[in-house]
Amino acid sequence: MRQLIAGNWKMNGRIEGSTALAAAIRDTSLGLDCDLLICPPTTLLMPLAAMLKNSAVMLGGQDCHAMARGAHTGEVSAAMLHDAGASWVILGHSERRADQYESDAVVHAKVLGAKAAGLIPIVCVGETEAQRLAGAARDVVEAQLRASLPRHFSGVVAYEPIWAIGTGRTPTASDVADMHAHIRATLISHLGDSGNVMRILYGGSVKPSNALELLAVENVGGALVGGASLDAADFVTIAKASHAVAATATAS
Ligand code: PGA
């Protein structure tokens, strides 16, 4: 399956500047053998959707409420994201788990809400540095997956070690291989056959200099990119690394 290169803009981007960034990504990524997704702040979905219409670059939200509508001041439902032009949504990002106290149960409910609105969820999991040092990383990630994903889950999983997000530090390729194999086994055990083919993204300080190595790891189905997705040249260089990995896979 094609890899997915997803940009998480987080709380960055005003109208001015963002359309130029999205246009540069659209125009310099033409023909690449990977799926491309931008997840901008909600306020940018509509203008970017108009701009990216008929292009290969897809749009996603960074979160949604579990319910379709109701008295939830300040919240945005999955259907509203869909109306605004999103076809994907990131759920359970570690910044939301930490800043908004989102539990696995909340993420699970949001996955159902996203599904009902026709959005494809990207569910994020990952351990803290203390958990990794204590040798608990695999157990933590497995528990998050089992509690966050409904049994009939379809979508994408992103493994994002919390200590690698925005720090410039990454796990070694062999640590990524190890964790992604464990996630693969957990998905198969939890979901059945569909777990065999589900894309598992790696996220956490992916940049042009390490993208090729990380994307070539077995069971890595793409990348969730934060900081480097705010620079069109960096983001497209990461997408080109994915294209190169696809070309190698076809040749072998
Ligand atoms: P980063 O963020 O690439 O800036 O480390 C990744 C993420 O939080 O999704």
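Residues numbered from 1 in each chain as written. Predicted model: local features only at pLDDT ≥ 70, side-chain atom pairs only at ≥ 80, totals over all residues. Heavy atoms only, no water.

Asks: Lay out the overall build of the protein in plain terms, naming residues and giving numbers.
Replies: If you tally the helices and strands in the protein, you get 10 helices and eight strands. Taking 2.2 N^0.38 as the reference for a compact globule, 252 residues should give roughly 18 Å; the C-alpha atoms of the protein span a radius of gyration of 17 Å, in line with that estimate. The C-alpha extent of the protein, read off along each of the three principal axes, is 45 × 45 × 35 Å. Restricting the contact set of the protein to residue pairs at least 6 apart, pairs at least 24 apart contribute 73%. Surface accessibility of the protein: about 11200 Å² in total, with carbon and sulfur atoms responsible for 56%. Where the 19 positive side-chain charges of the protein centre and where its 23 negative ones centre are 4 Å apart. (Helix = DSSP H or I, 4+ residues; strand = E, 2+ residues; numbered from the N terminus. Rg over C-alpha atoms; globule rule 2.2 N^0.38 Å. Contact = heavy atoms within 4.5 Å. Areas by Shrake-Rupley, 256 points an atom, 1.4 Å probe, with all protein chains shown as cover. Lys, Arg positive; Asp, Glu negative; His and termini not counted. Charge placed at Lys NZ, Arg CZ, Asp CG, Glu CD.)

Asks: Go over helix α8 (residues 173-191), please, and point to the residues and values.
Replies: Its 19 residues place the ends of α8 26 Å apart at the C-alpha level, agreeing with the 27 Å of an ideal helix rising 1.5 Å per residue. Residues of α8 that are buried include every one of Val176, Met179, His180, His182, Ile183, Arg184, Thr186, Leu187, His190 and Leu191, and no others. Those residues of α8 that are buried lie in contact with α6 (129-133), α7 (137-148), β6 (156-159), β7 (200-203) and α9 (208-215). Following α8 by one or two positions, Gly192 adopts a phi angle in the positive range, close to 85°. (Expected span 1.5 Å × (residues − 1). Buried < 20%, exposed > 50% of the residue type's maximum accessible area, 1.4 Å probe, protein only.)

Asks: Report on the side chain of Lys110, specifying residues and quantitative values.
Replies: Tracing the backbone shows Lys110 in helix α5 (residues 104-116). Filtering out sequence-adjacent residues up to four positions away, Lys110 remains in contact with Asp63, Cys64, His65, Ala66, Leu91, Arg96 and Glu102.

Asks: Could you give me a rundown of the site of the ligand, with the residues and numbers involved?
Replies: Around the ligand, the structure places 13 residues, and the nearest of them are Lys10, His93, Glu160, Gly166 and Ser205. Contact distances for the ligand include 2.7 Å between an oxygen atom and a side-chain N or O atom of His93. Residue Gly227 places a main-chain N or O atom 2.8 Å away from an oxygen atom belonging to the ligand. Protein burial of the ligand: of its 290 Å² of free accessible surface, 95% is covered by the chains. (Near = heavy atom within 4 Å. Polar contact = N/O pair within 3.5 Å; in protein donor to acceptor, adjacent residues only side chain to side chain.)

Asks: Before we move on, could you go through the sheet that holds strand β8 (residues 222-225) and cite the residues and values that matter?
Replies: The strand order β1-β2-β3-β4-β5-β6-β7-β8 describes a closed barrel built from eight strands, whose pairing is parallel. Direction aside, neighbouring strands of the sheet carry axes that sit 25° apart on average. The strands touched by α7 are β5 (120-125) and β6; relative to β5, the strand with the most contacts, the crossing angle is about 150°. (Pairing = 2+ DSSP bridges. Axes fitted to C-alpha atoms, helices over the stretch in contact; angles between N-to-C directions.)

Asks: Can you tell me about the pattern of salt bridges, naming the residues and giving the values?
Replies: If the charged atoms of two oppositely charged side chains come close together, the side chains can form a pair. As enumerated under the stated definition, the model contains 15 salt bridges in all. The salt bridge involving Asp27 is made with Arg26; its shortest N-O contact spans 2.8 Å. Note on Asp27: relative accessible area 43%, which makes it partly exposed. Exposure remark for Arg26: the relative accessible area of 24% places this residue in the partly exposed category. Linking Arg146 and Glu142 is a salt bridge whose minimum nitrogen-to-oxygen distance equals 2.9 Å. One end of the pair is Arg146 and the other is Glu142, both in helix α7 and four residues apart, which spans about a single turn. Salt bridges linked by common partners bring Arg2, Asp33, Asp35 and Arg199 together as one network. (Salt bridge = Lys/Arg side-chain N within 4 Å of Asp/Glu carboxyl O.)

Asks: Just give me the short version of the environment of Asp33, but keep the residues and values in it.
Replies: Tracing the backbone through its elements, the reader meets Asp33 in the loop between α1 (15-28) and β2 (35-39). Overall, Asp33 belongs to the partly exposed group, its relative accessible area being 29%. When the C-alpha positions of Asp33 and Glu102 are compared, they lie 35 Å apart, and in sequence the two are 69 residues distant. Sequence-distant contacts of Asp33, defined by excluding residues within four places in its chain, comprise Arg2, Ser242, His243 and Ala246. Looking at Asp33, its side chain comes within polar contact range of the side chain of Arg2, at 3.1 Å.

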